[in-house]
Amino acid sequence: MGNGVKEGVVRLREDADTVLPSSVPSKSDHRQVLSSLFSGALAGALAKTAVAPLDRTKIIFQVSSKRFSAKEAFRLLYFTYLNEGFFSLWRGNSATMVRVVPYAAIQFSAHEEYKRVLGRYYGFRGEALPPWPRLLAGALAGTTAASLTYPLDLVRARMAVTPKEMYSNIFHVFIRISREEGLKTLYHGFTPTVLGVIPYAGLSFFTYETLKSLHREYSGHRQPHPFERMIFGACAGLIGQSASYPLDVVRRRMQTAGITGHPRTSIAVTLSTIVREEGVVRGLYKGLSMNWLKGPIAVGISFTTFDLMQILLRRLQS
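The notes below deal with the structure included here. (Residues numbered from 1 in each chain as written. Predicted model: local features only at pLDDT ≥ 70, side-chain atom pairs only at ≥ 80, totals over all residues. Heavy atoms only, no water.)

### Section: the nonpolar core
Link 1 in the chain: Of all hydrophobic cores here, the largest spans ten residues; its members are Ala-43, Ala-104, Phe-108, Phe-205, Tyr-208, Phe-232, Ala-236, Val-299, Phe-303 and Phe-306.
Link 2 in the chain: Put simply, the parts of the chain that give this core at least two residues each are α5 (93-122), α8 (190-219), α9 (226-255) and α13 (288-317).
Link 3 in the chain: Element by element, the count of residues in this core is highest for α13, at three residues.
Link 4 in the chain: Apart from the residues within four sequence positions on either side, Phe-232 is in contact with Tyr-208, Leu-211, Lys-212, His-215 and Pro-224.
Link 5 in the chain: Of all hydrophobic cores here, the second largest spans nine residues; its members include Val-155, Tyr-167, Ile-177 and Leu-186. (Core = buried A, V, L, I, M, F, W, Y, C linked by side-chain atoms within 4.5 Å. Buried < 20%, exposed > 50% of the residue type's maximum accessible area, 1.4 Å probe, protein only. Helix = DSSP H or I, 4+ residues; strand = E, 2+ residues; numbered from the N terminus. Contact = heavy atoms within 4.5 Å.)

Written out as structure tokens, the structure is:
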């Protein structure tokens, strides 16, 4: 690595949430992995539960050919509440938790480990990673988590768009899909998911850590306040989700093809069908405005919770 790059690296000063871990395996490394897993799981659970009604509404619009508007979205929320009760707004959230808890735990823990590996590879031990490795660490973390938990994401999407009578619980979804559509269906839509996760996770982690680094450099404070972390997380979520949203629409359409009347096709065919029938903006960006509402909230809560839990656990350990 040239001196010019190293001069641009911002050295950390006692910032527990961004210091790259030591490359020497020890008991403290194992504790760090466990604390990352726990903090990530809690962060994901809190974030997704907070925005579950908006997330369910977004999915319903994504997998249908109905035109999206804020008025129609809130009308759907209101009629769902009237017809099925308040807690029906969180229908599918149990499946979301089964997916999100391991997904978030794996993603945050993997991100810490990828930072360690990349820091060792590029020679930035004990320092903040430069931009490209920082982006790569986030993308790899998201890809790892998505690959290991994808069937749970498909089950959650199915539960969100079907009536209670069709699937009674998570296990019922797995059983019916296996019997009626085959086990291969559990990974239908996986490719657009991974293609979407790479820019989403990469840009989210990159933006959040970059904003924290800039804050530390220009404010003179070692760590941002919780509210500032929320703002940084919201910016990260807004950028990441906007960049990957069209692929999110494609994967939802593919995941629910067997029950919404749409034919089960490839990414290219699904994409061209959406564009042909609904248009580029109205089809591929359907529900994006709702994502701009829920996404920053969810990502802000997620990143903030993870950071604060990491700091708390490290203080308790010391």
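### Side note on the packing of α8 against α9
Link 1 in the chain: With their axes 8 Å apart at the nearest point, α8 and α9 run at an angle of 170 degrees to one another. If you check the angle between α8 and α9, you find them roughly antiparallel.
Link 2 in the chain: In the contact of α8 with α9, the residues fall into 15 nonpolar, nine polar and four charged. (Axes fitted to C-alpha atoms, helices over the stretch in contact; angles between N-to-C directions. Parallel < 35°, antiparallel > 145°, perpendicular 65-115°, else oblique. Nonpolar A, V, L, I, M, F, W, Y, C, P; charged D, E, K, R; others polar.)

### A short note on the packing of helix α3 (residues 52-62) against α9
Link 1 in the chain: Taken N-terminus to C-terminus, the directions of α3 and α9 make an angle of 75 degrees; their axes are 9 Å apart at the nearest point. When the interaxial angle is binned, α3 and α9 end up roughly perpendicular. Taking contact as the criterion, the partners of Lys-58, Ile-59 and Gln-62 in α3 are, on α9, Tyr-245, Asp-248, Val-249, Arg-252 and Arg-253.
Link 2 in the chain: A class-by-class count of the residues in the contact of α3 with α9 yields three nonpolar, one polar and four charged.

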